[in-house]
Amino acid sequence: MENGNWTLIESDPGVFTELIRAIGVQGLEVEEVWDLESYQATAGTNIYGFIFLFKYDSSLQGGRQPVPWDDVPDVFFANQVINNACATQAILSVLLNAPDSVQLGNELSEFKAFTSQFDPELKGLAITNSDTMRNAHNSFARADPFVNEDPVPDEDKEDNFHFVAYIPKHGTIYELDGLQQGPIIAGQYDTANPQSWVQHLVPAIQARMAQFAGTEIRFNLMAVIGSKHEQLQATIQSLEQQMAHLDLADPHRNMLEQERSIAVNQLVAEQEKAERYRRENLRRRHNYLPFALELLKQMARQGVLDPATAKAKEDKKANIAAHFAKKDS
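Fair warning: this is a prediction, and the values are worked out from it, not measured in the lab. (Residues numbered from 1 in each chain as written. Predicted model: local features only at pLDDT ≥ 70, side-chain atom pairs only at ≥ 80, totals over all residues. Heavy atoms only, no water.)

Looking only at helices and strands, the chain features 11 helices and 6 strands. Going through the 329 residues of the chain one by one, you find that 39% of them count as buried. Nonlocal contacts in the chain, meaning residues at least 24 apart in sequence, comprise 74% of its contacts between residues at least 6 apart. Summed over all atoms, the accessible surface of the chain reaches about 18900 Å², with 53% contributed by carbon and sulfur. (Helix = DSSP H or I, 4+ residues; strand = E, 2+ residues; numbered from the N terminus. Buried < 20%, exposed > 50% of the residue type's maximum accessible area, 1.4 Å probe, protein only. Contact = heavy atoms within 4.5 Å. Areas by Shrake-Rupley, 256 points an atom, 1.4 Å probe, with all protein chains shown as cover.)

This is the structure:
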């Protein structure tokens, strides 16, 4: 597969949250998951899907039979037809299978309607040919001042990582992997308790990780969830409305005030997180090369560059010697 002018982007909740908004979807965010077994109880909001990053090994992909895509027409499934797009494609797999309560925005809603009768390959081509999606994706590429005119072929790279999505649909949990021919059933859940799907997904994720038999520990799991910021704002507003109808001495009012105080503190934490994400994304996009070159020029003019370079070389030699001395002891 070719890159098709899609760049690599970092697997990061701040990147994915802003990417979702750049596509036009509001009211959702992405957060990292450290313990899936306890996540449902601590998420505090609707969980619409998961994005799982793992080291790709073609020898471990057998033994799981995809469902023919036309047997599940209400599941949006697209093939991955170019490299580097799998992060955004995994996100889209969650968004385009979300319930109607999720507001996709005009751009994505029109895309979903336009591609509804397409087969997986055509859907994949539609994604990669979408200027909106490609531009949103590429806006998070790290600034790279150097162009490699002889890139290493993908098959010669030491490690290749891949994103897949997990979504619930009508009592079935699907793994959506653009490199497969269709969705893969990862589990079942009770539609009377929709959020229980997270607990039923745990064995599928554990089985995925167990395939590497302890030889690989680099995994990343992120959840696409309802905006905690918006939910906390709604909670605070509801509590204040309830308090307005109670006497100041009413014990129930005091309890509501404590709940409001907790929600306010949580809201402040969410605002600080959003600001941190904003700063980190700005730094990702910034090209620091002009600053670094100017710094080196000024150091050379002041006669400190050569001594600093010599010291760095000596420090490196000392560190290497210390490493081998420790290894031999």
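Okay, back to it.
On to helix α3 (residues 86–95), then. In terms of residue burial, α3 counts as a mostly covered element, since 10 of its 10 residues are buried. Residues of α3 that are buried: Cys-86, Ala-87, Thr-88, Gln-89, Ala-90, Ile-91, Leu-92, Ser-93, Val-94 and Leu-95.

The tally for this structure, following the rule as stated, stands at 7 aromatic pairs. Both rings, one in Tyr-39 and one in Phe-50, keep their centres 6.0 Å apart while their planes meet at 70°; by these two values the pair is edge-to-face. Here the residue Tyr-39 occupies a position in helix α2 (residues 36–43), and Phe-50 occupies one in strand β2 (residues 47–55), the gap between them amounting to 11 residues. Note on Phe-76 and Phe-111: the rings are 6.4 Å apart at their centroids and 55° apart in plane angle, and the pair reads as tilted. Note that Phe-76 is positioned in the loop between β2 and α3 and Phe-111 in helix α4 (residues 105–114), a separation of 35 residues in sequence. By relative accessible area, which is 6% here, Phe-76 ends up buried. An aromatic cluster of three or more residues is present, and its members are Tyr-39, Phe-50 and Trp-197. (Phe/Tyr/Trp six-rings, centres within 6.5 Å; stacked < 30°, edge-to-face > 60°.)

Spatial strand order, β1-β6-β2-β3-β4-β5: 6 strands in an open sheet with antiparallel pairing. Of all the strands in the sheet, the pair left with one neighbour each is β1 (28–32) and β5 (184–188). If you compare each strand with its neighbour and ignore which way they point, the axes differ by 25° on average. One ladder, built from 5 bridges, connects strand β3 (residues 161–169) with strand β4 (residues 172–176); its direction is antiparallel. Pairing of Ala-165 across the sheet is with Leu-176, part of β4. Of the strands in this sheet, β1, β2, β3, β4 and β6 (220–226) touch α3, which is tilted by about 0° from β3. (Pairing = 2+ DSSP bridges. Axes fitted to C-alpha atoms, helices over the stretch in contact; angles between N-to-C directions.)

For the rest of this paragraph, the subject is the nonpolar core. Among the nonpolar cores identified, the biggest contains 46 residues, and Phe-16, Leu-95 and Leu-108 are the most heavily contacted of them. Tallying contributions element by element places α3 first for this core, with 7 residues. Counting residues in each nonpolar core, the second largest holds 23 residues, with Ile-47, Trp-197, Val-198 and Leu-201 among its members. (Core = buried A, V, L, I, M, F, W, Y, C linked by side-chain atoms within 4.5 Å.)

Attention now moves to the pattern of salt bridges. Evaluated as defined, the whole model comprises 10 salt bridges. Two residues, Arg-260 and Glu-240, come together in a salt bridge whose shortest N-O distance is 2.8 Å. Pair noted here: Arg-260 is in helix α9 (residues 251–285) and Glu-240 is in helix α8 (residues 228–244), with a separation of 20 residues, a long-range link. Residue classification places Arg-260 among the partly exposed residues on the basis of a relative accessible area of 24%. Look at Glu-240 and you get partly exposed, because its relative accessible area is 36%. Through salt bridges with shared partners, a single ionic network connects Glu-29, Glu-270 and Lys-273. (Salt bridge = Lys/Arg side-chain N within 4 Å of Asp/Glu carboxyl O.)

Attention shifts here to the UniProt feature "active site" (unreviewed entry) in the chain. The UniProt entry lists Cys-86 and His-162 under the feature "active site" (unreviewed entry), expressed in the numbering used here. These annotated residues cover 77 residues of sequence, and their C-alpha atoms lie no more than 6.7 Å from one another, placing them together at a single site. Secondary-structure assignment places Cys-86 in helix α3. Look at Cys-86 and you get buried, because its relative accessible area is 10%. If sequence neighbours within four positions are ignored, Cys-86 has contacts with Gln-80, His-162 and Phe-163. Mapped onto the elements of the fold, His-162 is located in strand β3. (UniProt positions renumbered as here; feature names shortened; annotations may be inferred.)

Now for the UniProt feature "coiled-coil region" (unreviewed entry) in the chain. Using the residue numbers shown here, the UniProt feature "coiled-coil region" (unreviewed entry) corresponds to residues 222–249. For residues 222–249, helix accounts for 61% and strand for 18%, while the C-alpha atoms at its two ends are 45 Å apart.

Looking at the secondary structure, you find Gln-80 in the loop between β2 and α3. Of note is the side chain of Gln-80, whose polar atom sits 2.9 Å from the backbone oxygen of Ile-82. (Polar contact = N/O pair within 3.5 Å; in protein donor to acceptor, adjacent residues only side chain to side chain.)

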